[in-house]
There are 2 protein chains.
Amino acid sequence: MLNIIVYQIYRKIQPFLQKDMTKKDKKTEEIILQSAEKVFFEKGYAGAKTTEIAKNSGVGHAMLHYYFRTKENLFQIVFERNVELLTNSVFSGLEKQGSFKEIIISLISNHFDFVRNNPKLVLFIINEINRNNNNNTIWKEVSAPILTKVSAQITERINKEKKTGNIRDIDPFNFIVTIISLNLFVFVAHPLINNIKHFTKKEYEAFLERRKQENIRLVLMALQP
Amino acid sequence: MLNIIVYQIYRKIQPFLQKDMTKKDKKTEEIILQSAEKVFFEKGYAGAKTTEIAKNSGVGHAMLHYYFRTKENLFQIVFERNVELLTNSVFSGLEKQGSFKEIIISLISNHFDFVRNNPKLVLFIINEINRNNNNNTIWKEVSAPILTKVSAQITERINKEKKTGNIRDIDPFNFIVTIISLNLFVFVAHPLINNIKHFTKKEYEAFLERRKQENIRLVLMALQP
DNA sequence: ATTATCTATAGATCTATAGATAATGC
DNA sequence: ATTATCTATAGATCTATAGATAATGC
């Protein structure tokens with residue numbers, strides 16, 4: 001009898017206890033997370049069912065709640081992970097040293113490759129920001145400081161180049177919007193595009209590679225005086 | 001007793017009967033449709049609840065099923081309506097007569113204006129094609145014939161221009177992808193953009209107008225030899 | 001002793017229908 | 001007589017938890 005009461009108290013506080021993350025623990029937890037990411041990416045928050053996520057993980061459904069308590073909790077972890085990934089991807093190209101042109105090329109190229117490797121990520125984030133204002137706040141808090149910094153760096157370089165007369169009088173924000181429009185849209189609108197052309201996998205790969213070169217070319221042209 | 005049986009039979013076959021569409025009828029039906037469109041656009045199929053659609057319409061919840069039988073039915077009507085709208089929007093610019101450059105400008109401009117007036121439409125269609133293969137089929141059936149025609153027209157004009165040397169050797173499909181990437185992305189990614197800049201309504205309008213001009217400029221530049 | 005896992009199910013939510021009643025048109 | 005509408009609720013689906021048992025680590 002006492003056993004049962006102690007057990008029930010334990011059950012109540014257990015989720016709040018810091019876990020040890022033994023090897024086995026980490027594995028199941030991570031498997032559920034990956035399954036959750038997959039299902040959330042494909043169906044969005046409302047369309048994703050915890051039963052499906054669990055079935056996908058190959059563990060009992062109760063495990064999902066044991067590790068993450070609620071669907072909302074699980075979602076938040078997936079969402080934040082990916083907001084950070086996306087935000088940081090903008091950075092990777094900027095760290096290169098070199099001429100303005102070289103930096104722009106590496107920025108576009110790295111960013112394009114990141115999205116190519118995570119083709120469902122952008123649409124997922126856009127949808128979830130639209131759905132829930134709290135996600136919007138997370139996006140702002142995580143991405144704003146980094147994007148502001150990146151934006152400032154690009155603006156500074158653009159203004160410097162303007163003075164030398166190497167590039168035209170372009171608005172930095174519009175310049176950035178051009179880059180992300182060209183880089184992201186093919187992945188966001190993948191079904192629209194793949195339905196017009198019926199690409200095989202290889203053809204699609206080739207199309208993306210051409211697309212990347214085309215984007216670099218277009219953006220550099222946009223800079224010309 | 002007999003009355004009840006007759007009534008029950010009537011209830012069964014009623015939904016399949018062609019309706020007369022009296023004035024009153026049309027009104028309620030259309031109100032529900034509009035409410036459904038609004039909610040489906042905002043929350044997608046899974047996130048939209050028939051109770052919310054009904055509440056939004058100001059009629060009893062049962063009315064929704066009375067007119068449309070199922071959520072799926074109601075959705076299909078909204079979806080097909082909007083696939084047709086989007087597909088036809090591509091056309092409106094092409095009908096103009098004039099030089100190649102003029103046609104391209106009117107195409108981009110009309111298309112951009114259409115999406116500006118229906119900012120949530122594209123994201124809705126992309127998501128629903130992703131979600132359900134049947135929607136994908138509808139998209140293909142409705143849009144393919146029209147888009148193929150438009151694509152062929154553009155290709156023909158491009159090839160003609162190539163011979164005169166007025167434009168560079170550009171791949172027509174990539175050219176079209178460039179146009180729709182630039183035109184659609186700002187609307188699809190509206191929350192991402194509006195979170196970086198905190199535009200007022202007026203500022204946002206001005207941004208969109210600049211964006212349209214920028215897109216025209218970029219596309220014309222992309223054509224230059 | 002502690003942690004991980006399973007089965008069964010409570011409780012909430014959502015779609016759809018039953019059945020009754022009100023409104024409309026001939 | 002026909003059509004439109006309402007209230008109440010059945011039935012399905014989904015999230016979350018209870019309670020028991022198995023696996024793990026000290």
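Here is what the cut-offs are and how they apply
- Residues numbered from 1 in each chain as written.
- Chains lettered and ligands numbered in written order.
- Predicted model: local features only at pLDDT ≥ 70, side-chain atom pairs only at ≥ 80, totals over all residues.
- Heavy atoms only, no water.
- Phe/Tyr/Trp six-rings, centres within 6.5 Å; stacked < 30°, edge-to-face > 60°.
- Lys NZ or Arg CZ within 6 Å of the ring centre and 35° of its normal.
- Helix = DSSP H or I, 4+ residues; strand = E, 2+ residues; numbered from the N terminus.
- Buried < 20%, exposed > 50% of the residue type's maximum accessible area, 1.4 Å probe, protein only.
- Domains from an automatic or database assignment.
- Contact = heavy atoms within 4.5 Å.
- Buried area = accessible area lost by both parts, 1.4 Å probe.
- Salt bridge = Lys/Arg side-chain N within 4 Å of Asp/Glu carboxyl O.
- Nonpolar A, V, L, I, M, F, W, Y, C, P; charged D, E, K, R; others polar.
- 1 Å grid on protein atoms, 1.4 Å probe; cavity = no way out; pocket = protein on both sides within 12 Å on 5 of 7 lines; lining within 4 Å.
- Points joined across faces, edges and corners; volume = space filled by probe spheres on them.
- Polar contact = N/O pair within 3.5 Å; in protein donor to acceptor, adjacent residues only side chain to side chain.
- Axes fitted to C-alpha atoms, helices over the stretch in contact; angles between N-to-C directions.
- Left-handed = near helix turned anticlockwise from the far one by under 90°.
- Least-squares fit on C-alpha atoms with pLDDT ≥ 70 in both.

1. Quick notes on the packing of aromatic side chains
Here is step 1: For the coordinates displayed, the defined rule picks out 28 aromatic pairs over all chains.
Here is step 2: An aromatic cluster of three or more residues is present, and its members are Phe 40, Phe 41, Tyr 45, Phe 75, Phe 79 and Phe 124 of chain A.
Here is step 3: Above the ring of Tyr 45 of chain A, the side-chain terminus of Lys 71 of chain A is found at 4.3 Å from the ring centroid.
Here is step 4: A cation over an aromatic ring shows up here: Arg 131 of chain B above the ring of Phe 75 of chain B, its NZ or CZ 5.0 Å from the ring centre.

2. Quick look at the side chain of Gln 76 of chain B
Here is step 1: Relative to the elements of secondary structure, Gln 76 of chain B occurs in helix 5 (residues 71–92).
Here is step 2: Of the residues examined, Gln 76 of chain B reaches a relative accessible area of 13% and is grouped as buried.

3. Details of the domain arrangement of chain A
Residue and element names in this part refer to chain A.
Here is step 1: Entries for chain A in the domain assignment read domain 1 (2–75) and domain 2 (78–223).
Here is step 2: Residue-level contacts link twelve residues of domain 1 with eleven residues of domain 2.
Here is step 3: With both sides pooled, the region where domain 1 packs onto domain 2 buries about 1,000 Å², and carbon together with sulfur makes up 56% of that total.
Here is step 4: If you sort the residues of domain 1 by the area they bury against domain 2, Glu 37, Phe 41 and Phe 75 come out on top, with a joint share of 56%.
Here is step 5: On the surface where domain 1 and domain 2 come into contact, there are two salt bridges.
Here is step 6: Linking Glu 42 and Lys 120 is a salt bridge whose minimum nitrogen-to-oxygen distance equals 3.8 Å.
Here is step 7: In terms of residues, the side of domain 1 that touches domain 2 owes the most to one element, helix 2 (residues 23–47), which gives nine residues.
Here is step 8: Considering only residue class, the side of domain 1 that touches domain 2 consists of seven nonpolar, one polar and four charged.

4. Comments concerning the layout of surface pockets
If a probe as big as a water molecule is rolled over the atoms, it shows which places are left empty.
Here is step 1: Space inside the second largest pocket adds up to approximately 410 Å³.
Here is step 2: Lining the second largest pocket are 22 residues; nearest its centre among them are Ile 196 of chain A together with Val 90, Leu 147, Ile 176 and Ile 180 of chain B.
Here is step 3: For the lining of the second largest pocket, the secondary-structure elements that each account for two or more residues are helix 10 (190–196) of chain A together with helix 5, helix 6 (100–117), helix 8 (133–164) and helix 9 (172–188) of chain B.
Here is step 4: Ranked by the residues each element gives to the lining of the second largest pocket, the list is headed by helix 9 of chain B, at seven residues.
Here is step 5: In the lining of the second largest pocket, the residues fall into 17 nonpolar, four polar and one charged.

5. A word on the environment of Asn 194 of chain A
All names here are of chain A.
Here is step 1: As for its position among the elements, Asn 194 is in helix 10.
Here is step 2: Note on Asn 194: relative accessible area 22%, which makes it partly exposed.
Here is step 3: Here the alpha-carbon distance between Asn 194 and Tyr 204, two residues ten residues apart in the chain, equals 8.3 Å.
Here is step 4: If sequence neighbours within four positions are ignored, Asn 194 has contacts with Phe 199 and Tyr 204.

6. Some remarks on empty space enclosed by the protein
Here is step 1: Applying the stated criterion across every chain, the model contains two cavities of 30 Å³ or more.
Here is step 2: Taken as a whole, the largest cavity encloses approximately 380 Å³ of empty space.
Here is step 3: Every residue lining the largest cavity is counted, 20 residues in all, and those nearest its centre are Val 90, Leu 147, Ile 176 and Ile 180 of chain A together with Ile 196 of chain B.
Here is step 4: Counting residues per element, the ones that place at least two in the lining of the largest cavity are helix 5 (71–92), helix 6 (100–117), helix 8 (133–164) and helix 9 (172–188) of chain A together with helix 10 (190–196) of chain B.
Here is step 5: By residue number, the principal contributor to the lining of the largest cavity is helix 9 of chain A, which donates six residues.

7. Remarks on the environment of Asp 171 of chain B
Residues and elements named next belong to chain B.
Here is step 1: Structurally, Asp 171 can be placed in the loop between helix 8 and helix 9.
Here is step 2: Each C-alpha atom of the pair Asp 171 and Thr 155 lies 8.5 Å from the other, and the pair is 16 residues apart in sequence.
Here is step 3: Of the polar contacts made by the side chain of Asp 171, one reaches the side chain of Asn 174; its length is 2.9 Å.

8. Re the packing of helix 8 of chain A against helix 9 of chain A
All names here are of chain A.
Here is step 1: Relative to each other, helix 8 and helix 9 sit at 115°, their axes nearing to 10 Å. You can see that helix 8 and helix 9 cross each other, and the crossing is right-handed. Seen from helix 8, the contacting residues are Ser 151, Ile 154, Thr 155 and Ile 158; seen from helix 9, they are Pro 172, Phe 175 and Ile 176.
Here is step 2: Of the residues contributing to the contact of helix 8 with helix 9, the split by class is five nonpolar, two polar and no charged.

9. Focus: the relation of the copies chain A and chain B
Here is step 1: With an axial shift of 0.0 Å and an RMSD of 0.1 Å, the rotation relating chain A to chain B amounts to 180°. The relationship between the two copies is best expressed as a two-fold rotation axis.
Here is step 2: Of all interface residues in chain A, 100% are interface residues in chain B too; the two copies therefore contact each other through one and the same surface.

10. As for the pattern of salt bridges
Here is step 1: With the rule as written, the count across this model stands at 20 salt bridges over all chains.
Here is step 2: Residues Glu 30 of chain A and Arg 81 of chain A are paired through a salt bridge, measuring 3.1 Å at the closest nitrogen-oxygen approach. Here Glu 30 of chain A is found in helix 2, whereas its partner Arg 81 of chain A is found in helix 5, with 51 residues between them in sequence.
Here is step 3: Between Lys 43 of chain B and Glu 52 of chain B there is a salt bridge, with the nearest N and O atoms lying 3.2 Å from each other.
Here is step 4: The class of Lys 43 of chain B is partly exposed, set by a relative accessible area of 43%.
Here is step 5: The exposure class assigned to Glu 52 of chain B is partly exposed, which follows from its relative accessible area of 25%.

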